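Summary of structural features
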Amino acid sequence: MTDSQVTADALEVAREAYRREREKRVRDEGNEQFIGTDGVYSDFQRDHYADPGFTRDPITETVEVVIVGGGIGGLLAGARLREAGYNAIRVIEKGADFGGTWYWNRYPGAQCDTESYIYLPLLEELGFVPSEKYAHQPEIFDHLRSVGRHYGLYDGALFQTTATEMAWDEDEAEWVLSTDRGDQVRAQYLVLSTGDQHKPRLPAVPGILSFAGKMFHTSRWDREYAGDDLSGLAGKRVGVIGTGATGVQVIPNIAAHVGELLVFQRTPATISVRDNKPTGPDWASALEPGWQHRRSANFTACVTGVAVENDLVGDAWTRTMMELNAAAAGKTDPFSANELVDFAIMERIRSRVDESVRDPDAAAALKPFYRFNCKRPTFNDDYLPAFNLPNVRLIDTGGRGVERITPDGIIVDGELHELDVLIFATGFDVGTAYTHSRSFDLVGRGGVRLSERWANGMRTFHGLHGRGFPNCFFLGFTQTGFSPNFTHTLNEQASHLGYLLGALRERGVGVVEASQKAEDEWVRTIREGRSPSQLKFLRECTPSYTNGEGKPDDENRFVAGRYPGGPIEFFAVLARWREADSLEGLELTPAGTQRGEQDQQTREPAMARYTGAPQ
Ligand code: NDP
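Rules used in this analysis
- Residues numbered from 1 in each chain as written.
- Predicted model: local features only at pLDDT ≥ 70, side-chain atom pairs only at ≥ 80, totals over all residues.
- Heavy atoms only, no water.
- Helix = DSSP H or I, 4+ residues; strand = E, 2+ residues; numbered from the N terminus.
- Contact = heavy atoms within 4.5 Å.
- Near = heavy atom within 4 Å.
- Polar contact = N/O pair within 3.5 Å; in protein donor to acceptor, adjacent residues only side chain to side chain.
- Areas by Shrake-Rupley, 256 points an atom, 1.4 Å probe, with all protein chains shown as cover.
- Nonpolar A, V, L, I, M, F, W, Y, C, P; charged D, E, K, R; others polar.
- Domains from an automatic or database assignment.
- Buried area = accessible area lost by both parts, 1.4 Å probe.
- Salt bridge = Lys/Arg side-chain N within 4 Å of Asp/Glu carboxyl O.
- Pairing = 2+ DSSP bridges.
- Phe/Tyr/Trp six-rings, centres within 6.5 Å; stacked < 30°, edge-to-face > 60°.
- Buried < 20%, exposed > 50% of the residue type's maximum accessible area, 1.4 Å probe, protein only.
- Lys NZ or Arg CZ within 6 Å of the ring centre and 35° of its normal.
- Axes fitted to C-alpha atoms, helices over the stretch in contact; angles between N-to-C directions.
- Parallel < 35°, antiparallel > 145°, perpendicular 65-115°, else oblique.
- Expected span 1.5 Å × (residues − 1).

**Quick notes on the environment of valine 176**
Following the sequence through the fold, valine 176 ends up in strand β6 (residues 174-179). Along the primary structure valine 176 and phenylalanine 428 are separated by 252 residues, whereas in three dimensions their C-alpha atoms are 29 Å apart. Discounting residues that sit within four places of it in the chain, valine 176 has contacts with Glu165, Met166, Ala167, Asp169, Gln184, Val185 and Arg186.

In structure tokens, the structure reads:
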């Protein structure tokens, strides 16, 4: 069907189908349908890439800045703070290296879905050109390690270390950070870049621990078992639960290596064209300085409805979003205005399933019936054809999900599917309260905890500062502008932080905190600016983490904390604020006025001082 043939009747039929499919999936439990991977499930969090025997002596010291999280956000913060002249930086990271997502997710086929020329950070600074349009995990991970080396961040990194508590010491005007290795690090500034999707989750179905075969989560790929060449999976009956962005990548990449592959599906993903290509030999030669920033801004503009002259990235993601945004532009109810276009896009996605999958029953089950963007879209050219392989079978659960796990396998619809290996591609704890998925709860001024202060949703100024938590800065999606290119948002935040800490030093500021008024206004901007049209759209969507698993009114859902004007406007707000150079909205206390600092001479010299200078 071409776009022009889409009729009001067809749309009505689609609406009804979408509603029916949604009904099958909505559950009262929302996020509670998942269990974390703590306690008896902690083996699902085991790091297969770290030295299990690693030990070191605890550290007790004082630094200028402590960054929690060594993923892309933490690295960018470290880089920008180095540029701003800060050297005594400690990075606390639970993995055994930098990389964050790209340290943990090493399943076969792991690859960035955002073009690598804008997704990999600091390409110009490091003079690196990715080898393909959508780089694979080993290359991304290597690049992130190069960033750590380039900015000298390895020296101050504490790997295989989890922050357990961070408390503001009012007298000393310092954060005191404790870790699971007995460290006590005092820092003037605390930067939290702890990621949104790092804690693996499992479906709360009975019997998981009774399974007698091998099982693991995709973000903790068991390479000892599977083998680097996947020979450990040869001849095995392997089950994968989950067909989101991860499942879609891992399934075609293990299919040819296993005896039998059973794919347990609850909701089919949208599978758009990938069209990956190696980087041409001349690609980089035409680039002008500043190209990465311009290209990132262009992508973010394309996908969020900001006018551009050219779509520089030109992939399925930008093209689809530009179609949707064009139909919505200037409309008071944009999500209704682009419904027809959305339907046509989804029809194309459904047709692609028919063109790619030979078995008509499998093809029917693999067609997504919901609006584009109800779930995180995926892009892949190998996933759908994998269902034509003789050893791959789709077990569609009709929207209900797997029922039970037994020692022998998985039960769906009362039928046992016997398995030797069970792989959970069931995602991460996301769209829950900030402190829910993290190993710590901040203790701010007056002993007030972040979980208390944010009990009814996040409260920030610029997404960076939270009142009651002076000298602490949040990076990530904490009431900030959301670009699907996470790197873009993190880079803008890190650059802003670099400016801010530079300005504080120049002005001799010791303590910085958002004023009550500035925070209230920012929170009001976020909450009152929410689009009723988008909320209606999310309410009608099939459940996923983007709508709080079917509960879009929940303050903690993934998108609840987005700046309503979109990321490009958000970055402009920050840029104008920097240009004004007045630090408006912040309460500043000059350095040296805290009791502890005055008493510095008489204090016990118990703390070593880490300077970041080469040793
Ligand atoms: P998701 O949360 O997106 O997907 C989880 C999958 O598990 C879904 O298919 C879900 O089904 C399924 N599931 C959950 N419970 C059950 C159950 N009881 N029975 C059967 N199936 C179940 O996790 P992912 O790891 O796939 O992706 C998380 C995010 O990570 C992505 O959205 C993306 O942001 C990021 N990512 C990015 C990549 C990239 O850029 N290259 C690659 C991979 C991930 P249902 O849909 O019905 O809920």
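Structure's up, so let's keep going.
**Brief notes about the site of the ligand**
In the neighbourhood of the ligand, 26 residues make up the surrounding shell, with Gln111, Thr246, Thr267, Lys375 and Tyr545 lying closest. With respect to the ligand, the side chain of lysine 375 contributes an N or O atom lying 2.7 Å from an oxygen atom. The fraction of the free accessible surface of the ligand (920 Å²) that becomes covered by protein chains is 90%. In terms of residue count, the dominant contributor to the shell around the ligand is helix α8 (residues 245-254) (3 residues). Looking at the shell around the ligand residue by residue, the classes come out as 10 nonpolar, 11 polar and 5 charged. A domain-level breakdown of the shell around the ligand finds at least three residues from each of domain 1 (3-35 + 206-274 + 338-424) and domain 2 (60-199 + 432-603).

**What about the domain arrangement of the protein chain?**
How big an interface is tends to be stated in terms of the accessible area lost upon association of its parts. Looking at the assigned domains, one finds that the protein chain contains domain 1 (3-35 + 206-274 + 338-424), domain 2 (60-199 + 432-603) and domain 3 (296-337). Computed from C-alpha coordinates alone, the two centres of domain 1 and domain 3 are separated by 28 Å. Each side of the interface is counted separately: domain 1 has 16 residues, and domain 3 has 13 residues. If you sort the residues of domain 1 by the area they bury against domain 3, Asn338, Val341 and Phe379 come out on top, with a joint share of 43%. Applying the counting rule to domain 1 against domain 3 returns 2 salt bridges. Among the ionic pairs, glutamate 323 bridges to arginine 348, the shortest N-O distance being 2.6 Å.

**As for the sheet that holds strand β15 (residues 404-405)**
The sheet built from 3 strands is open, its strands ordered β15-β16-β17 with antiparallel pairing. Here the strands that pair on one side only, and so sit at the sheet edges, are β15 and β17 (415-418). Summarising the sheet, β15 and strand β16 (residues 409-412) pair through 2 bridges and their orientation is antiparallel. Bridging across to β16, arginine 404 finds its partner in isoleucine 411.

**Examining the packing of aromatic side chains**
Following the criterion strictly, the structure yields 30 aromatic pairs and no others. On the basis of an interplanar angle of 85° and a centroid distance of 6.3 Å, the ring pair of tyrosine 499 and tryptophan 577 is categorised as edge-to-face. In this pair, tyrosine 499 is assigned in helix α16 (residues 486-506) and tryptophan 577 in helix α19 (residues 567-580), connecting sequence segments 78 residues apart. Classification of tryptophan 577 by relative accessible area gives buried; the value is 11%. Here the aromatic residues Phe461, Trp522, Tyr563, Phe570 and Phe571 are joined through ring pairs into a cluster of three or more. A cation sits over an aromatic face here: arginine 145 above phenylalanine 141, 5.1 Å from the ring centre. Taking the ring centre of tyrosine 134 as reference, the NZ or CZ of arginine 274 above it sits at 3.5 Å.

**Brief notes about the packing of helix α9 (residues 291-304) against helix α10 (residues 316-328)**
Two elements in contact, α9 and α10, have axes whose closest approach is 7 Å; the angle formed by their N-to-C orientations is 45°. In terms of their interaxial angle, α9 and α10 are classed as oblique. Of the residues in α10, those in contact with Phe299, Cys302, Val303 and Thr304 of α9 are Trp317, Thr318, Met321, Met322 and Asn325. For the contact of α9 with α10, the residue count by class is 6 nonpolar, 3 polar and no charged.

**Some points on α16**
In this model, α16 (21 residues) spans 30 Å end to end at C-alpha, consistent with the 30 Å of a helix rising 1.5 Å per residue. Most of α16 is tucked away: 15 of the 21 residues are buried. Looking one or two places after α16, you find glycine 508, whose phi comes out positive at around 70°.

**Focus: the pairing of strand β7 (residues 184-192)**
Looking along a regular strand, one sees side chains alternate from face to face of the sheet. Among the 9 residues in β7, 7 count as buried, and that is most of the element. In this sheet, β7 lies alongside strand β2 (residues 60-68) in parallel orientation, the contact comprising 8 bridges. The residue of β7 that forms the bridge with glutamate 61 is valine 185. One ladder, built from 4 bridges, connects β6 with β7; its direction is antiparallel. Pairing of serine 178 across the sheet is with glutamine 184, part of β7. Hairpin connection between β6 and β7: a loop of 4 residues separates the two successive antiparallel strands, and glycine 182 in this loop has a positive phi of roughly 80°. Sheet analysis places β7 next to strand β20 (residues 472-474), joined by 3 bridges and oriented parallel. By the bridge assignment, leucine 192 is partnered in β20 with phenylalanine 474.

**Considerations on unusual backbone geometry**
A positive phi angle, close to 55°, is found at aspartate 275, a residue other than glycine. Position of aspartate 275 among the secondary structure elements: in the loop between β12 (271-272) and α9.

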